[in-house]
Amino acid sequence: HNNSAQQLEGTYLFPLPRGATVSQFSMTMFGKMVRGEVIEAEQAREIYRSIVSRKRDPGLLEYMGSGLFRARVFPIMPHDDLTIRITYQQVVPEDEGTLEFRYPLATDRLNGGTPVSSVVVDVKVESSDEIKAVFSPTHSVEITRDGDNKASASMERKGQRQANDYLLYVGRRAGAVGLSVQSHQPVASEGTFMAVITPRTRVAKEQRQPKDVIYVLDTSGSMEEAGKMVQAQKALVHGLRTLGSEDRFGVIGFASAVRPFRDQLLAANKETVGAAVKWVRELSPRGGTNISDALKQALAMRADKDRLFLVVFLTDGKPTMGEKNADLIVKGLEGNTKGARIFTFGVGYDLDVNLLDRIAEVSGGARDYVMPEEDIEIVTSRFFRKVSSPVLQDVSVEFGDGVYDVYPRKLPALFAGSQVVVFGRYRAAGDRVLRLKGTLAGKAVVHEYETTFRKTEDADYLPRLWAHRKIGYLLDEIRLHGQTKELVDEIIKLATKHAIVTPYTAGLVVEESELQGRNLRDIVADARRRADRSSGRRG
């Protein structure tokens, strides 16, 4: 809304949830909703600037990094409204049969705490499994049930600050299926599949694999803000108390320098765990953040290559001492984790989420986050329950012939209640046997699942989600190994074909009459034809 007497340009910042991809960007134009197209970023900016200079109606959607998108629209007429519509898709994470939906509603850190005139969130849930519970730990919502498999959660707030993201949990009856597949293959085209691997069985106490766990706690001055240190200490104490009698552990505190509780691993018993809890509670935040040296010290504590080795890394995730370049920190871990699985646990809003995600990914671990206002017990209990129950290590999946471009390239370890989502492409529909392979306690394990890759128009969202995963892989290659023309060209081809906003592409909404002789549809069509020719209609 423009409450001034002049026409203005508007800027809207929208932080997408992790793993989400924008599929549509639209805005009101001359009283109607006009859908945008995705083209090369610099070309989109040039067209946007040329139209704004003539005070006509364009809209531009750009990727700003770390999941943040920026929409710029012009003009918003005096004392008038302009509507922006962003449609996105994501795979909602699931943990032990509970889905977690997070909508990025917190705006205080973006608008200085200004109250928002009206916020309405209406969530509709449909599940093939029975829905057991629907609840929000962050907002007061009205829950409506429609039988066993449908529910809705509604919320409306007026004139209030939006300090928290909207978080909704959906508990489902856990089935016995550990791997499920969705597929999409139009006529005369190759197919796309999504395989969701979800171990739902708890590991019995007598079957637990002995493990060595190093807890690494950020004690830098930045952890003092917003109660982050207290949250991290509570999380670590909870983790120490989940250790089994067969486990060994170490604790490291780090700020500008690295300080271990002991120089070697300790057997987990009442005395050692109690002493470690007391030491953790006495830590106070001060100094810089030396993430690189802390990780090196943790990895150096490995004493037995035959035992499962886990590193739990709790931080607000912004390196300020030692090696500060995130790309070099991650590159230094490649091939040097000594078989360790690094689990990153981020605390607070000012996280370097990209760094923590990449540390976990490169080591085959996992990551989780807690915001200042969230219930630390809910998040930490789930996180450490996951870490304490390994189901399968050194994981791989055999999909059979004709499957290619599978992401992620390297699968993480599986823990009880965790979830791994795999995307790929296939050439021929038909029945298949998928083999999930790995090791547990040093022994080879194989699980077989019968499934069908279908020839169907259903699930037409899968190609875009697959392309988003592949683009993420290509962007990581650029971050880790440097930008090349071939990588950038491939990202642009994928992004323009599947309408995905990236650092190299942007969404543009214009009236064709305002293109000064240039036809936006022709520009987009040319870009997509180039993408088709380059991929041989395979991607």
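Since we're looking at a predicted model, the values are computed, not measured.

Some words on the packing of helix α6 (residues 326-333) against helix α7 (residues 353-363)
Between α6 and α7, the shortest axis-to-axis distance is 9 Å and the interhelical angle comes to 10 degrees. Compared by their axis directions, α6 and α7 come out roughly parallel. On the side of α6, the interface is formed by Ala326, Asp327, Ile329, Val330 and Leu333, while α7 contributes Leu355, Arg358, Ile359 and Val362. Here the contact of α6 with α7 is composed, by residue class, of seven nonpolar, no polar and two charged.

Here we look at the sheet that holds strand β24 (residues 390-398)
The strands making up a sheet are joined through hydrogen bonds of the backbone, oriented either antiparallel or parallel. Strands sit in the order β26-β24-β28-β29 across an open sheet of four strands; the sheet is antiparallel. Edge positions in the sheet fall to β26 (414-415) and β29 (443-453), since each has one partner strand and no second. The pairing of β24 with β26 spans two bridges and is classified as antiparallel. Residue pairing for β26: Leu392 is matched across the bridge by Leu414.

Regarding the packing of aromatic side chains
Within this structure, the stated rule accounts for 11 aromatic pairs. Where Phe261 meets Trp279, the ring centres are 5.5 Å apart and the plane angle is 50 degrees; that geometry is what we call tilted. Of this pair, Phe261 sits in the loop between β19 (258-260) and β20 (266-267) while Trp279 sits in helix α4 (residues 270-281), placing them 18 residues apart in sequence. On the accessibility criterion, Phe261 (8% relative accessible area) is buried. Accessibility expressed as a relative area gives 15% for Trp279, which makes it buried. Aromatic rings pair up to connect Tyr12, Phe14, Tyr88 and Tyr103 into one cluster. When the ring centre of Trp466 is taken as origin, the NZ or CZ atom of Arg425, which lies over that ring, is 5.2 Å away.

A word on the sheet that holds strand β13 (residues 150-160)
The sheet built from three strands is open, its strands ordered β10-β13-β12 with antiparallel pairing. A single partner strand is all that each edge strand has here, and the edge strands are β10 (116-126) and β12 (142-145). Between one strand and the next, the sheet's axes are offset by a mean angle of 15 degrees, whatever the strand orientation. Taken together, the 10 bridges between β10 and β13 define a ladder with antiparallel strand orientation. In the sheet register, Val123 faces β13, and the bridge partner there is Ala153.

As for the environment of Ser140
With respect to the helices and strands, Ser140 occurs in the loop between β11 (131-135) and β12. Overall, the relative accessible area of 69% leaves Ser140 in the exposed class. Setting aside anything within four residues of it in sequence, one finds Ser140 in contact with Ser154 and Met155.

Here's the deal with the nonpolar core
Grouped burial of nonpolar side chains is what soluble globular proteins tend to show. Among the nonpolar cores identified, the biggest contains 35 residues, and Tyr215, Leu240, Phe249 and Val251 are the most heavily contacted of them. Broken down by secondary-structure element, the contributors of at least two residues to this core are β17 (211-218), α3 (228-241), β18 (248-254), α4, β21 (308-315), β22 (341-347) and α8 (376-388). Discounting residues that sit within four places of it in the chain, Phe249 has contacts with Val213, Tyr215, Leu240, Leu243, Gln264, Leu265, Leu266, Ala267, Ala268, Thr272, Val273 and Ala276. Among the nonpolar cores identified, the runner-up in size contains 23 residues, and Ile291, Leu295, Ala298 and Leu299 belong to it.

Quick notes on the rules
Residues numbered from 1 in each chain as written. Predicted model: local features only at pLDDT ≥ 70, side-chain atom pairs only at ≥ 80, totals over all residues. Heavy atoms only, no water. Axes fitted to C-alpha atoms, helices over the stretch in contact; angles between N-to-C directions. Helix = DSSP H or I, 4+ residues; strand = E, 2+ residues; numbered from the N terminus. Parallel < 35°, antiparallel > 145°, perpendicular 65-115°, else oblique. Contact = heavy atoms within 4.5 Å. Nonpolar A, V, L, I, M, F, W, Y, C, P; charged D, E, K, R; others polar. Pairing = 2+ DSSP bridges. Phe/Tyr/Trp six-rings, centres within 6.5 Å; stacked < 30°, edge-to-face > 60°. Buried < 20%, exposed > 50% of the residue type's maximum accessible area, 1.4 Å probe, protein only. Lys NZ or Arg CZ within 6 Å of the ring centre and 35° of its normal. Core = buried A, V, L, I, M, F, W, Y, C linked by side-chain atoms within 4.5 Å.

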